[in-house]
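Single-letter residue listing:
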Amino acid sequence: MYRGKYKLIIPFLLPALVLYGLFVLYPYAQAMYISLTDWSGLTAEKDFVGLRNFGRLLRDEYFWNALKNNLIYLVSLPLVVISLAFFFAFVVTRGVALAKFYRVVFFFPQVMSAVAVGVLWNFIYHPTIGILNSFLGLFGIQNLPAWLGDPNVALPAVAAVVIWQSVGFYMVFFIAGMEAIPETFYEVARIAGANRWQTFWRVTLPLLWENTRVALVYLAMGALNMFTITQTMTEGGPSRATEVLSIYLYKNAFTHSRFGYGTAIAVALFLIVLAFSMLIMRATAREAVEY
Amino acid sequence: MAIEGTREQPVTEHTPLPSGGWERTKALFFRALMHLFLGIWAVIVIFPMLWVLYTSLKTDQEIFFSPWSLPRVMQWDNFFRAWVKVNIGRYFLNSLVVVVPSLILTLLLSAMTAYVLARFPFPGNRAILYLFISGMMFPVFLGLVPLFFLLRSLDMLNTFVGLILVYIGYSLPFSIFFLTGFFRSLPSELHEAAIMDGANQYTIFFSIMLPLAQPGLVTIGVFNFLGMWNQFILPFVLMSDRKKYVLTQGLAYMNHQQYYLNDWSALFAAIVVIMVPTLIVYVLFQGQIQRGLTVGALKG
């Protein structure tokens, strides 16, 4: 039936395999090696230094500072985004006027480039021309911080923007899961006299556990990246208050030509991403509810 | 696949209100509260975008002294300045030059690969599929430094061709993952009948399978378009020649230079220029995007 199928298989697979292998897999593999060298990028030969870059990493206070910032995002973003998204998804699927409108609108920011989002919010936070301060002023709130210019406030200010952008995406993601729940489950709950709140805890949440785990992993990966929005809004400042590992590795590699060290940070960050993804999947593992 | 499993119509009818006095008041109260929350979030989401839209038509004076007000006279000139003087027009074209071929080739190559992986059993089939899927696990920044030097050694730094090839490479894992599932879900009778008839394999693919796969291709096309149009980190590292900046880089650069240029209204106009294509694509293909999302979920 599949006579001469290799005449099709090989030319169909080859271009994709070559491009993917050369531009994606090969650099990843090379990164592992470069992280073990002290390469400055200027010379062809790289001196193998073993794990020295990683030892230096452990003593680098800026590394720990950036990691700390990533971890703050890692804890706060999933918590806020998933709570809001789950709540909105539940409300929108359980019968509310304008459901379709909310669904379309809440998703809007997700299709915007993070650069556009960042520049837009730079303006909103801007102390003189921004609308945030004058809006809060309407409620008599005075002594407002300089937002992105204030080391104590900049990080939460950036986090708020990411929340603003992501809630709609996860809402739609949860809605898709909720719509797959057979209506009979809700009927049974209704007959049993469960109210909205009980229905949520006893029916919706357990059945959406798998979706929630996936959302957690996605958000964790996002929280450990944060490159574009940070680069656009603060470039890691003020005084490294919003510097995350991806920014720190970029600066090391491409600004200071410490390619070996920069790549070591990238590898460490990759291992951190991997570890957290596995940890989250482990910690949230439950027997799947089949339906 | 989730595409078939999802119910078409969401439950949007009102849950009936209980008739009892107190229960009814309570239900009404909660309904009002929900609308309040939804309404507040809707305003938080929409207002900043509207604000950018109408601010892009104001003068610098107005932007500074009355940040909330609508433009007194529409300053279309802001767009002209952004487009010509600050080169947003050039960056826009650069983005098109990169994204259009990347998108077409990604669709073609991932459809070819997915078709073979979904429909032809051969030793190593699974391994190749997993090899592609594993690419979704790696974060982009891990490969940045080696990628930079790889392109440099191929003389492809600061070239559109280089960036296009990289975009395709990075788009393949998700596209192939998605389309393999899609090709598997297509009915096989037509395919088998065509093979029995001895039709040329290429003819089968291009004139039977590709048209059948159109809905999947549209979904994956929309996702890739948004991803490529909004991509920042790859061009940021690989394209340092300012004449070859893509739109996201151009906007970031403009934002960075504002403190010297002081042309705020043109910057607002530039945000609008970068936003509009993605919003149009979103409005047109809203259904595909939302359906495509379910594939990422484990039930997919």
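Cut-off values and rules
Residues numbered from 1 in each chain as written. Chains lettered and ligands numbered in written order. Predicted model: local features only at pLDDT ≥ 70, side-chain atom pairs only at ≥ 80, totals over all residues. Helix = DSSP H or I, 4+ residues; strand = E, 2+ residues; numbered from the N terminus. Buried ≥ 20, exposed ≤ 12 C-beta atoms within 10 Å, placed from the backbone. Contact = placed C-beta atoms within 7 Å. Nonpolar A, V, L, I, M, F, W, Y, C, P; charged D, E, K, R; others polar. pLDDT = per-residue confidence, 0-100. Expected span 1.5 Å × (residues − 1). Bend = angle between axes of the 7 residues up to and from the residue.

Let's talk about the overall build of chain B
Then, number 1: Of the regular secondary structure elements, chain B holds 14 helices and zero strands.
Then, number 2: Helices and strands appear in chain B in the N-to-C order α-α-α-α-α-α-α-α-α-α-α-α-α-α.
Then, number 3: Buried residues in chain B amount to 40% of all 300 residues.

Remarks on the interface of chain A and chain B
Then, number 1: Listed as interface residues are 74 residues of chain A and, on the opposing side, 77 residues of chain B.
Then, number 2: Counting residues per element, the side of chain A that touches chain B draws most heavily on helix H1 (residues 6-34) of chain A, which supplies 15 residues.
Then, number 3: Of the residues in the side of chain A that touches chain B, the class split is 53 nonpolar, 16 polar and five charged.

Some details on the confidence of the model for chain B
Residue and element names in this part refer to chain B.
Then, number 1: Within chain B, residue pLDDT values average 84, and 90% of them lie at 70 or more.
Then, number 2: Mean pLDDT values for the elements of chain B range from 37 in helix H1 (residues 2-5) up to 95 in helix H12 (residues 233-238).
Then, number 3: Below pLDDT 50 for its whole length, residues 1-13 participates in 26 contacts with residues either more than four positions away or in separate chains.
Then, number 4: Taken as a whole, residues 296-300 scores under 50 in pLDDT and shows 17 contacts with residues more than four places along the chain or in a different chain.
Then, number 5: The ipTM assigned to the predicted complex is 0.88, against a pTM of 0.88.

Points about helix H7 (residues 140-153) of chain B
Then, number 1: Between its terminal C-alpha atoms H7 of chain B stretches 20 Å, which fits the 20 Å expected from 14 residues at 1.5 Å a residue.
Then, number 2: Remark: the principal bend of H7 of chain B, roughly 40 degrees, maps to Pro 146 of chain B.
Then, number 3: Every buried residue belonging to H7 of chain B is among Phe 141, Leu 142, Gly 143, Leu 144, Val 145, Pro 146, Leu 147, Leu 150 and Leu 151 of chain B, and all of these are buried.
Then, number 4: Residues of H7 of chain B that are buried make contact with H1, helix H11 (227-233), helix H12 (245-255) and helix H13 (259-283) of chain A together with helix H8 (160-185) and H12 of chain B.
Then, number 5: Just downstream of H7 of chain B, Asp 155 of chain B is the residue with a positive phi angle, here 60 degrees.

Section: unusual backbone geometry
Backbone phi values are negative for most residues with the exception of glycine, while trans is the configuration of most peptide bonds.
Residues and elements named next belong to chain A.
Then, number 1: One non-glycine residue, Arg 240, lies in the positive phi region at around 60 degrees.
Then, number 2: Classification of Arg 240 as partly exposed rests on a count of 17 C-beta atoms within 10 Å.
Then, number 3: One non-glycine residue, Ser 257, lies in positive phi territory at about 55 degrees.
Then, number 4: By the secondary structure assignment, Ser 257 is in the loop between H12 and H13.

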